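Remarks on the overall topology
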Amino acid sequence: MGSTRTAGRPLSRWRGAVAGAALLAAAPTIAACGSSGSGNDINVYLSPEQNFQTVVDKCNEKANGRYNIVYRKLPRDADGQREQMVRRLAAGDTGLDILGLDVTWVPEFAEAKWLAEWTGENKSDAEQGVLQGPLATAKWNGKLYGATKNTNIQLLWYDDRLTPRPPETWREMIDMAKELKNNGKPYRILFTGAQYEGLVVQYNTLVASAGGEILSKDGKKVVMNDGAVEALKLLKEVATSGLTDPSMPNAQEQQVQQAFEAPDSKAAFELNWPYVYAAIQAGNPDRAKHLKWARYPGVDGPSKATIGGFNLAVSALSQHKPEAFEAALCLRGPDSQKFQAICDGVPPTIESIYSDDRPIEPCPGATSADKPTMSTAYPMKDTILEALKDPAVRPLTVVYQNLSTITSKVLSPPSSIDPQATAEELRNGLQKALESKGVLP
């Protein structure tokens, strides 16, 4: 889903930095590894996705025997995905051709010289029609190191029986929730408050929506300006307002969704990724009939919600780079992105897909013979596109993993935030992270 997670998938990751030599020493058994297969195999390493194998099969048909894409599934958790690729690349493994990278990993992998730069016609094809926010996540130091596969962005989900008009700002949402509570109706505001990347995403969105910055645009120094402090005040207020679920300090995406779709749910608002729409159809069909969506609430004006998603990068160690670039372009091309948007619920990065309402064949495993379209499978596509045109991008830095770990720890639990003191603690901790050296394990 985002991340997809990031991105929409729960992220629990990150330990401290170590030197490259220690990282190499930790992986002696894979130093000489290469993936098994025929000489024309193009190995793509990506997290498990329900219908990605179908995308691979279609691209292999187009290749017509010139090469054979092999889908190598990484662990489900982001920590395990990143760790496996880091260790194998650090050990010089030439068996990795295409890497499925969370949007926060490109700077780190590029700085380690593990990624081949996209240039010439490959670069033009990878950038064509791509929204600027997702495209920024595929770049480092002005160079393109990935082709955007999918993006993700959180929306506000609500029940139109409780709130016929969605709130546009957090202040409006808090006031609406208080009124609903006073009237004995479901009122809670649900969001990811556990000590992990989901909390970092919420904070980053609030900071950007308040006009603030955590790091400088070049990612080299800590800013933590007034907007960043304002976001801390707002997070503290909502966490102590009595308007959240008691489980909020431990809630990740799945728990948030389950609390909203429960038959006895006390929630009126949910901040979560687009997979919510498909999930509630099965989880609570009655409430699904009244599920509506809007842009993530702003602070003083329109919000800037944090984007997630994945980029496809070509390994600098690949022995099949021309074929890998070609295969990656197919795997994230317009047809592939549209198919995965409809069948896997991951938002496209190519803007034209949002207005392409031509039907596709029924998704694998579908119970209906009807041919789905973007409108039928993705009714919130226009709202997603609107938000994607003015998003927030998480700080682009080679030490993002450390920054995320520090931020989630300092912000947890949100009810304990002391805006000025917490801001200072973040400044100090993030500055130390920026001064660290080496690749993160």
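Everything in this summary refers to the structure shown in the same document.

Rules and cut-offs
- Residues numbered from 1 in each chain as written.
- Predicted model: local features only at pLDDT ≥ 70, side-chain atom pairs only at ≥ 80, totals over all residues.
- Heavy atoms only, no water.
- Helix = DSSP H or I, 4+ residues; strand = E, 2+ residues; numbered from the N terminus.
- Buried < 20%, exposed > 50% of the residue type's maximum accessible area, 1.4 Å probe, protein only.
- Pairing = 2+ DSSP bridges.
- Axes fitted to C-alpha atoms, helices over the stretch in contact; angles between N-to-C directions.
- Contact = heavy atoms within 4.5 Å.
- Disulfide = S-S within 2.5 Å.
- Polar contact = N/O pair within 3.5 Å; in protein donor to acceptor, adjacent residues only side chain to side chain.
- Phe/Tyr/Trp six-rings, centres within 6.5 Å; stacked < 30°, edge-to-face > 60°.
- Lys NZ or Arg CZ within 6 Å of the ring centre and 35° of its normal.
- Parallel < 35°, antiparallel > 145°, perpendicular 65-115°, else oblique.
- Left-handed = near helix turned anticlockwise from the far one by under 90°.
- Nonpolar A, V, L, I, M, F, W, Y, C, P; charged D, E, K, R; others polar.
- Salt bridge = Lys/Arg side-chain N within 4 Å of Asp/Glu carboxyl O.

Description of unusual backbone geometry
The amide bond that connects Ser 412 to the next residue, Pro 413, takes the cis arrangement and shows omega of -10°. Looking at where Pro 413 falls in the secondary structure, it is placed in the loop between α17 (400-411) and α18 (419-434). Notably, Asn 64 is not glycine yet its phi reads approximately 55°, a positive angle. Examined against the element boundaries, Asn 64 turns out to sit in the loop between α2 (52-63) and β2 (68-73). Even without being a glycine, Met 224 presents a positive backbone phi close to 45°. Structurally, Met 224 is set in the loop between α8 (197-209) and α9 (226-239). The class of Met 224 is buried, set by a relative accessible area of 1%.

Regarding the sheet that holds strand β9 (residues 267-272)
The strand order across the open sheet formed by four strands is β8-β9-β7-β10, and the pairing between neighbours is mixed. Strands at the two margins of the open sheet, each flanked by one partner only, are β8 (188-190) and β10 (291-295). Taking the axes of each pair of neighbouring strands and ignoring which way they run, one obtains an average angle of 20° across the sheet. When strand β7 (residues 155-159) meets β10, the two strands line up antiparallel, connected through five bridges. Of the residues in β10, the one forming a bridge with Tyr 158 is Lys 292. Against the sheet, helix α11 (residues 275-283) makes contact with β7, β9 and β10, and its axis sits at roughly 170° relative to β10, the strand it touches most. Packing against the sheet, helix α16 (residues 381-388) makes contact with β7 and β10, and its axis sits at approximately 20° to β10.

Focus on the state of the cysteines
Following the criterion strictly, the structure yields two disulfides and no others. Bridging Cys 59 to Cys 330, the disulfide has an S-S length of 2.1 Å. In this structure, the disulfide formed by Cys 59 and Cys 330 twists by about -95° around the S-S bond and is classed as left-handed. Taken as a pair, Cys 59 in helix α2 and Cys 330 in helix α13 (residues 321-331) lie far apart in primary sequence, 271 residues in all. Assigned by exposure class, Cys 59 and Cys 330 land together as buried. When the cysteines engaged in disulfides are numbered in sequence order, the chain pairs them as 1-2, 3-4.

Quick notes on the environment of Gly 242
For Gly 242, the position within the fold is in the loop between α9 and α10 (253-261). For the pair Gly 242 and Thr 349, spaced 107 residues apart in the sequence, the C-alpha separation amounts to 38 Å. Those residues within four positions of Gly 242 in sequence are excluded, and the remaining contacts are Lys 181 and Tyr 187.

Digging into the side chain of Arg 295
Along the chain, Arg 295 falls in strand β10. The class of Arg 295 is buried, set by a relative accessible area of 17%. A polar atom in the side chain of Arg 295 sits 2.7 Å from the backbone oxygen of Ser 303. A distance of 3.4 Å separates polar atoms of two side chains, one belonging to Arg 295 and the other to Glu 386.

Quick word on the packing of aromatic side chains
Tallying each qualifying case throughout the model produces eight aromatic pairs. Judged by centre distance (5.5 Å) and plane angle (80°), the rings of Phe 109 and Trp 114 are edge-to-face. A relative accessible area of 10% means that Trp 114 is categorised as buried. Between Tyr 277 and Trp 293, the aromatic rings sit 5.9 Å apart at their centres with planes inclined by 90°, giving edge-to-face as the arrangement. Remark: Trp 293 occurs in strand β10 and Tyr 277 occurs in helix α11; sequence separation between them is 16 residues. Through a chain of ring-to-ring contacts, three or more aromatic side chains come together here, namely Trp 105, Phe 109 and Trp 114. One Lys or Arg, Lys 58, reaches over the ring of Phe 339 and ends 4.4 Å from the middle of that ring. The positively charged end of Arg 287 is found above the aromatic ring belonging to Phe 260, 4.2 Å away from the centroid.

Comments concerning the environment of Asp 102
Locating Asp 102 in the fold gives a position in strand β3 (residues 98-102). Through-space distance from the C-alpha of Asp 102 to that of Ala 316 is 18 Å; in sequence the pair is 214 residues apart. In terms of polar contacts, Asp 102 uses its side chain to reach the side chain of Thr 104, at 2.8 Å.

A closer look at the packing of α8 against α9
Helix-helix packing: each pair is described by the crossing angle between the helix axes and the interaxial distance. In contact at an axis separation of 8 Å, α8 and α9 are set at 125° when each is read in the N-to-C sense. Looking at the two axes, α8 sits oblique to α9. Viewed along their axes, α8 and α9 form a crossing whose handedness is right-handed. Along its contact with α8, which presents Leu 199, Tyr 203, Leu 206 and Val 207, the element α9 presents Gly 227, Ala 228, Ala 231, Leu 232, Leu 234 and Leu 235. A breakdown of the residues in the contact of α8 with α9 according to their chemical character gives nine nonpolar, one polar and no charged.

What about the pattern of salt bridges?
Where side chains of opposite charge bring their charged atoms close, a pairing between them can arise. Considering all chains together, one arrives at 22 salt bridges under this definition. Among the salt bridges present, the one from Asp 390 reaches Lys 304, with a minimum N-O distance of 2.4 Å. Residue Asp 390 is located in the loop between α16 and α17, and its partner Lys 304 is located in the loop between β10 and β11 (307-314); the two are separated by 86 residues in the primary sequence. For Asp 390, a relative accessible area of 30% corresponds to the partly exposed category. When its relative accessible area of 29% is taken as the criterion, Lys 304 is described as partly exposed. Between Arg 358 and Asp 356 there is a salt bridge, with the nearest N and O atoms lying 2.8 Å from each other. Given a relative accessible area of 55%, Arg 358 falls into the exposed group. Residue Asp 356 is classed as buried on the basis of its relative accessible area, which comes to 17%. In this structure, a network of salt bridges that share partners links the residues Lys 123, Glu 127 and Lys 139.

These figures come from the coordinates and say nothing about function on their own.
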